[in-house]
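# Architecture and fold: a report
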Amino acid sequence: MIRKAFNTFKQHKSTIKKWRNRSLLVFAIIFTIWYINCLPDELFNNSTSTVLLDKDGNLLGAKISADGQWRFSAGKTIPAKFEICLLEFEDRNFYGHYGISARGIGRAISQNIKYKRVVSGGSTLTMQLARIMKKNPARTLREKVLEMLLATRMEIRFDKKEILNYYTANAPFGNNVVGLEAASWRYFGRNSNSLSWAESATLAVLPNAPGLIYPGKNHKRLLDKRNRLLKRLYDIKKIDETTYHLALSEPLPDKPLPLPQLAPHLLAKLIKEGYKGKTIQSTLDNNLQQKTAQLLQIHSERLQENKIFNGAVIITSVKTGKVLAYIGNTRSTNKEYSSDVDCISAPRSTGSILKPFLYAKCLEDGLITPNMLIPDIPTQFGSFSPKNFTKQYDGAVAANKALARSLNIPMVRLLNEYGLEKFHRDLKNYGITTLHKPAKHYGLSLILGGAEARLDELSKAYTQMAQELKFGKSKPILLVTEKNKKLDKKNKEKNNLKLKTDKASIYSTFQAMVDVNRPDEDGNWRAFASAQKIAWKTGTSFGFRDAWAIGITPDYVVAVWIGNADGEGRPGLTGIKAAAPLLFDVFAQLPRSSSWFAEPRDGMSKINMCSESGHRASDLCEKTELVWMPKNCSNTTACPYHQIIHLTKNKLYRVDSECENVYNMKHVTWFILPPLVERYYKFNHPNYRVLPDFKPECLAKISDKAIAVLYPKPNSKIYVPIEIDGRTGRTVFEAAHRNVNTKVFWHLDDEFIGETKEIHQLALNPSIGKHKLMLIDENGISLSMKFETLGRDN
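Numbers given to residues run from 1 along each chain, matching the order in which its sequence is written. Confidence filtering applies because this is a predicted model: local features only for residues at pLDDT of at least 70, side-chain atom pairs given and counted only at 80 or more, and all residues used for totals across whole chains, interfaces and linings. Processing note: side-chain calculations cover all non-hydrogen atoms of the structure and skip hydrogens and water entirely.

## Structural notes on the sheet that holds strand 2 (residues 59–63)
The mixed open sheet is built from 3 strands, whose spatial order is 2-1-5. Both outer strands of the open sheet, strand 2 and strand 5 (279–281), are each paired with one neighbouring strand and no more. Strand-to-strand twist of the sheet, defined as the mean angle between neighbouring strand axes without regard to direction, takes the value 15 degrees. Strand pairing is defined by DSSP finding a minimum of two bridges between the two strands. Helix and strand definitions follow DSSP, with helices as H or I runs of at least four residues and strands as E runs of at least two, each counted in order from the N terminus. Pairing of strand 1 (residues 50–53) with strand 2, which is carried by 4 bridges, proceeds in the antiparallel orientation. Each bridged residue has a counterpart across the sheet, and for Val 51 the counterpart in strand 2 is Ala 62. Should any heavy atoms of two residues lie within 4.5 Å, those residues are considered in contact. Axes here mean lines fitted to C-alpha atoms, for a helix over just the part in contact, with angles spanning 0 to 180 degrees between N-to-C directions. Across the sheet, helix 11 (residues 264–275) touches strand 1, strand 2 and strand 5, and the angle it forms with strand 1 is around 125 degrees.

In structure tokens:
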């Protein structure tokens with residue numbers, strides 16, 4: 001009986017042991033699985049501040065994270081001074097333990113018993129990291145054990161430097177400051193690599209009790225902690241005596257400092273483009289950014305007297321394509337001035353700033369040569385009648401001078417000849433994305449500011465032109481360094497648009513822009529021009545709403561916009577007066593280019609040119625010269641202005657075979673401009689020789705019934721019709737010419753109103769009263785007549 005009971009007990013004990021072993025095994029398996037997976041894939045998924053750095057890693061600005069904390073992304077390295085301070089204060093055996101320090105725990109137990117309260121937790125730096133990861137739960141024995149387990153797991157998963165990096169990036173430093181880098185900028189106004197021993201020691205003691213001690217609060221306790229740490233560093237010979245005493249003399253910061261905001265508009269732009277919560281290393285140069293912003297502010301304060309409040313500047317390196325300065329607007333505390341608007345990326349009316357693109361394309365197309373005369377006369381295209389800024393006419397002006405002087409009429413005529421649709425397409429290829437309407441919507445006013453463009457896109461287009469000229473190809477324009485750049489495919493394609501303007505045409509365009517001249521130019525401009533060679537162009541939008549200036553050297557492109565963000569126009573808001581002075585001040589602070597662009601002879605030809613007309617020389621041109629110019633210029637028309645005329649023997653009168661014997665004629669080459677062109681040209685060119693008059697008997701035969709006005713009749717009285725809607729309509733005036741291919745130029749009251757060929761009809765709306773109508777043909781033959789317009793009440 002006893003034996004049986006003993007055997008039963010023995011079997012029962014064996015069963016219990018088996019179940020215990022199995023339970024332990026299950027527990028071990030479960031614990032192992034938990035231990036392996038106890039750490040999340042990412043230790044921290046907190047939102048981070050968006051941080052903008054310059055090309056050298058200096059802080060340009062930051063935006064607080066979504067949870068209201070100043071928390072910067074983790075850096076790759078930890079400053080040596082801070083690491084020494086931190087480990088001496090928090091965990092001197094950091095590199096000698098595996099997450100748990102028996103010595104530290106023993107010391108904590110001893111101190112807690114001695115002081116009869118918890119004065120030390122015995123936590124290693126790794127255990128503190130585990131606690132931070134778990135959002136600082138209540139201090140209990142259970143949590144302490146869990147922290148130990150997590151710490152050992154971290155030691156297995158990460159190396160010591162990674163653990164230290166996690167800690168410094170996520171440790172609390174008081175107030176709403178998290179992480180070493182944020183603390184360094186908030187408390188000392190510089191990056192952590194620049195901290196002194198005293199500053200490093202101050203930050204090293206903060207995570208120990210961030211809710212109790214931070215600069216500006218409990219000053220004495222913080223100072224004592226810092227100085228004790230400095231004394232420890234001195235005792236273990238990490239710092240010498242001189243450094244120690246100098247560190248002790250350094251004051252503590254009184255309160256958190258505001259972070260720099262040197263490029264707020266770029267920061268906002270990059271956040272919109274997907275960089276939110278990231279640390280972005282931009283291409284900007286900190287010093288240049290600050291100097292340029294200061295220059296803009298100085299100019300803005302002057303312009304504010306004229307109620308002009310906004311401006312923007314962007315500087316780009318031609319060599320690298322990197323944007324070196326991005327000042328999106330002026331600084332102002334007055335919200336009415338719209339200083340938050342990024343004027344660099346805001347579409348604005350272009351004024352004349354697109355003219356160099358048209359000039360380059362006309363050269364490339366073989367439509368013009370640089371010196372070719374372009375008519376500058378009263379011009380009408382339907383209801384569009386362009387005017388020069390000065391309201392004056394030159395008659396004819398060389399194409400390069402028309403660009404340099406920014407004359408409107410020659411450029412409109414060039415656009416009409418080159419093709420509106422083609423130029424509209426060219427601008428899109430240059431990277432102008434603001435042309436949302438078809439070409440016909442803008443019409444010929446496209447070249448005068450009828451469309452909008454962005455300063456950054458204009459800067460990019462001119463920079464890539466300079467790159468094509470200097471390097472033979474364009475490069476991407478960069479705002480952030482390549483290691484930060486993660487653009488989608490669409491943005492990559494947009495940023496890598498290739499310009500298709502040949503180098504020789506670009507070179508000739510820049511040469512014309514170097515010679516920029518204005519009627520109101522003064523001695524200061526000339527003095528600057530002698531100091532540095534710059535290709536530059538200004539623009540002024542209709543209504544004096546936008547002032548542009550863009551300058552190009554082989555090294556830099558500077559683009560300036562001045563105006564009001566709300567679009568209000570102001571008198572004197574012109575490119576030459578408001579934007580160009582700032583442009584030159586910016587260039588004055590940039591390193592001077594050692595040389596100019598090399599002449600691209602491989603894309604040029606030596607062409608025999610007429611010295612007077614700028615066309616390819618014909619056999620009749622008296623003065624010619626061989627000139628290097630873009631190859632396609634050889635496709636331009638030969639000089640049409642040098643013609644053979646027939647004179648009397650004494651060369652006083654013109655004649656022809658109808659009124660003079662051929663044997664009595666002198667055949668002479670003469671530079672002849674069309675009558676309307678000549679009318680204005682001769683006033684600006686005293687050496688221009690006007691054609692001799694026809695011999696009286698010849699003139700009578702030639703002019704007899706050469707031009708006739710069919711409607712209205714001379715001295716007649718006419719009515720202008722009234723449309724159905726009550727508005728005054730138009731009356732069709734009609735004339736006839738003996739030679740249907742001859743152009744006829746119409747003038748009403750000595751004001752040019754248009755030209756006709758073949759069908760000589762114009763729809764006019766003359767005001768009530770007496771008028772004078774004058775017609776002039778290509779040969780200078782004219783006809784004048786008077787008529788009177790009556791009102792319906794007459």
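## Overview of the pattern of salt bridges
In the sections that follow, a salt bridge refers to a side-chain nitrogen of Lys or Arg positioned within 4 Å of a carboxyl oxygen of Asp or Glu. The full count for this structure, using the stated rule, is 22 salt bridges. Salt-bridge contacts for Arg 232 lead to Glu 88; the nearest nitrogen and oxygen are separated by 2.8 Å. Note that Arg 232 is positioned in helix 9 (residues 219–235) and Glu 88 in helix 2 (residues 80–90), a separation of 144 residues in sequence. Glu 568 is paired through a salt bridge with Arg 570; the nearest N and O atoms lie 3.7 Å apart. Since its relative accessible area comes to 36%, Glu 568 is described here as partly exposed. Whether a residue is buried, partly exposed or exposed follows from its accessible area with a 1.4 Å probe, protein chains only, as a fraction of its type maximum: under 20%, in between, or over 50%, in that order.

## Let's talk about the packing of helix 2 against helix 8 (residues 197–205)
Angle between the axes and distance between the axes are the two parameters that describe a pair of packed helices. Running from N to C, helix 2 and helix 8 point in directions that differ by 45 degrees, and their axes come no closer than 8 Å. As far as their axial angle goes, helix 8 and helix 2 are oblique. Once helix 2 is placed against helix 8, the crossing between them reads as right-handed. Packed against helix 2, whose contacting residues are Lys 81, Phe 82, Ile 84, Cys 85, Leu 86, Phe 89 and Glu 90, the element helix 8 presents Trp 197, Ser 200, Ala 201, Leu 203, Ala 204 and Val 205 at the interface. Per-class residue counts for the contact of helix 2 with helix 8 are 10 nonpolar, 1 polar and 2 charged. For classification purposes, an angle smaller than 35 degrees is called roughly parallel, one larger than 145 roughly antiparallel, one from 65 to 115 roughly perpendicular, and anything else oblique. The hand of a helix crossing depends on one turn: near helix anticlockwise from the far one by less than a right angle means left-handed, and clockwise means right-handed. Polarity classes work like this: nonpolar for Ala, Val, Leu, Ile, Met, Phe, Trp, Tyr, Cys and Pro, charged for Asp, Glu, Lys and Arg, and polar for all others, with Gly in that last group.

## As for a positive patch on the surface
Each patch is built from salt-bridge-free residues with over 30% relative accessible area, joining like charges within 9 Å and nonpolar side chains (Val, Leu, Ile, Met, Phe, Trp, Tyr) within 5 Å. Residue burial considers only the protein chains on display, and all accessible areas are found by Shrake-Rupley using a 1.4 Å probe. As used throughout, the charge tally considers Lys and Arg to be positive and Asp and Glu to be negative, leaving His and the chain termini uncounted. Throughout, a charge is located at the NZ atom of Lys, the CZ atom of Arg, the CG atom of Asp or the CD atom of Glu. On the surface, a cluster of positive charge is contributed by Lys 717, Lys 770, Lys 772 and Lys 786. Among the structural elements, Lys 770 can be located in strand 25 (residues 769–777). Its relative accessible area of 70% is what places Lys 770 among the exposed residues.

## Regarding the sheet that holds strand 25
What the 5 strands build is an open sheet, ordered 20-26-25-22-23; its pairing is mixed. Looking at strand neighbours, the two that pair on one side only are strand 20 (717–719) and strand 23 (751–757), the edges of this open sheet. The sheet shows a mean angle of 30 degrees between the axes of neighbouring strands, taken without regard to direction. In the sheet, strand 22 (residues 743–748) pairs with strand 25 via 5 bridges, with the strands oriented antiparallel. In the strand pairing of strand 25, Trp 746 is matched with Leu 775.

## Concerning the nonpolar core
Buried Ala, Val, Leu, Ile, Met, Phe, Trp, Tyr and Cys residues that are joined via side-chain atoms within 4.5 Å together make up what is termed a nonpolar core. If you look at the biggest cluster of nonpolar residues, it comprises 79 residues, and the most contacted ones within it are Phe 357, Ile 368, Phe 510 and Ile 552. Among the elements that make up this core, the one with the highest residue count is helix 18 (residues 455–471) (7 residues). The residues touching Phe 357, leaving out its near neighbours within four places in the chain, are Phe 423, Leu 427, Tyr 430, Leu 458, Ala 461, Tyr 462 and Met 465. In terms of nonpolar packing, the next biggest core, distinct from the first, is built from 54 residues, Leu 39, Phe 94, Leu 129 and Phe 158 among them.

## Notes on helix 6 (residues 160–170)
Of all 11 residues making up helix 6, 8 are buried, and the element is well covered by its neighbours. Every buried residue of helix 6 is accounted for by Lys 160, Ile 163, Leu 164, Asn 165, Tyr 167, Thr 168, Ala 169 and Asn 170. Where helix 6 is buried, its residues meet strand 3 (70–71), helix 2, helix 4 (125–133), helix 5 (141–157), strand 4 (177–178) and helix 7 (180–188). For helix 6, the N-terminal capping position is held by Asp 159, with its side-chain oxygen 3.1 Å away from the main-chain nitrogen of Lys 161. Polar contact criterion, stated in full: a pair of N or O atoms within 3.5 Å, where within protein one must be able to donate a hydrogen and the other to accept it, and residues adjacent in sequence count only if both atoms are side-chain atoms.

## Topic: a nonpolar patch on the surface
Taken together, the side chains of Leu 25, Ile 29 and Ile 33 make up a nonpolar region of the molecular surface, amounting to roughly 290 Å² of accessible area. Along the chain, Leu 25 falls in helix 1 (residues 2–37). For Leu 25, a relative accessible area of 53% translates into the label exposed.

## A word on unusual backbone geometry
Despite not being glycine, Lys 237 has its phi angle at roughly 65 degrees, a positive value. Looking at Lys 237, the relative accessible area reads 74%, which means it is exposed. Not every positive phi belongs to a glycine, and Phe 544 is a case in point at roughly 55 degrees. Within the secondary structure, Phe 544 is located in the loop between strand 12 (535–540) and strand 13 (546–552).

## Focus on the packing of helix 4 against helix 5
Between helix 4 and helix 5, the least distance of the axes is 8 Å, while the angle of their chain directions is 110 degrees. Of the possible angle classes, the one that applies to helix 4 and helix 5 is roughly perpendicular. The way helix 4 lies across helix 5 gives a crossing that is right-handed. Of the residues in helix 5, those in contact with Thr 126, Met 127, Leu 129, Ala 130, Arg 131 and Met 133 of helix 4 are Lys 144, Glu 147, Met 148, Leu 150, Ala 151, Met 154 and Glu 155.

## Here's the deal with the packing of aromatic side chains
Between rings of Phe, Tyr and Trp, where Trp is taken as its six-membered ring, a pair exists when centres lie within 6.5 Å; planes separated by under 30 degrees are stacked, by over 60 edge-to-face, and by other angles tilted. On inspection of all chains with the given rule, the structure shows 16 aromatic pairs. Centroid distance Phe 510 to Phe 597: 5.5 Å. Interplanar angle 45 degrees. Geometry classified as tilted. One end of the pair, Phe 510, is in helix 20 (residues 503–514); the other, Phe 597, is in the loop between helix 22 (575–588) and strand 15 (604–610), and 87 residues separate them in sequence. Take Phe 597: its relative accessible area is 5%, and that puts it in the buried class. Measuring from centroid to centroid gives 5.9 Å for Tyr 641 and Phe 671, while their planes differ by 75 degrees, and the two rings are edge-to-face. Taken as a pair, Tyr 641 in the loop between strand 16 (624–630) and strand 17 (642–647) and Phe 671 in strand 18 (residues 666–671) lie far apart in primary sequence, 30 residues in all. Site record: aromatic cluster; members linked through ring pairs are Tyr 641, Phe 671, Tyr 681 and Tyr 688. Positioned over the ring face of Phe 471 is Lys 475, at 4.3 Å from the centre of the ring. Two thresholds decide whether a charge sits over a ring: the Lys NZ or Arg CZ must be within 6 Å of the ring centre and within 35 degrees of the ring normal.

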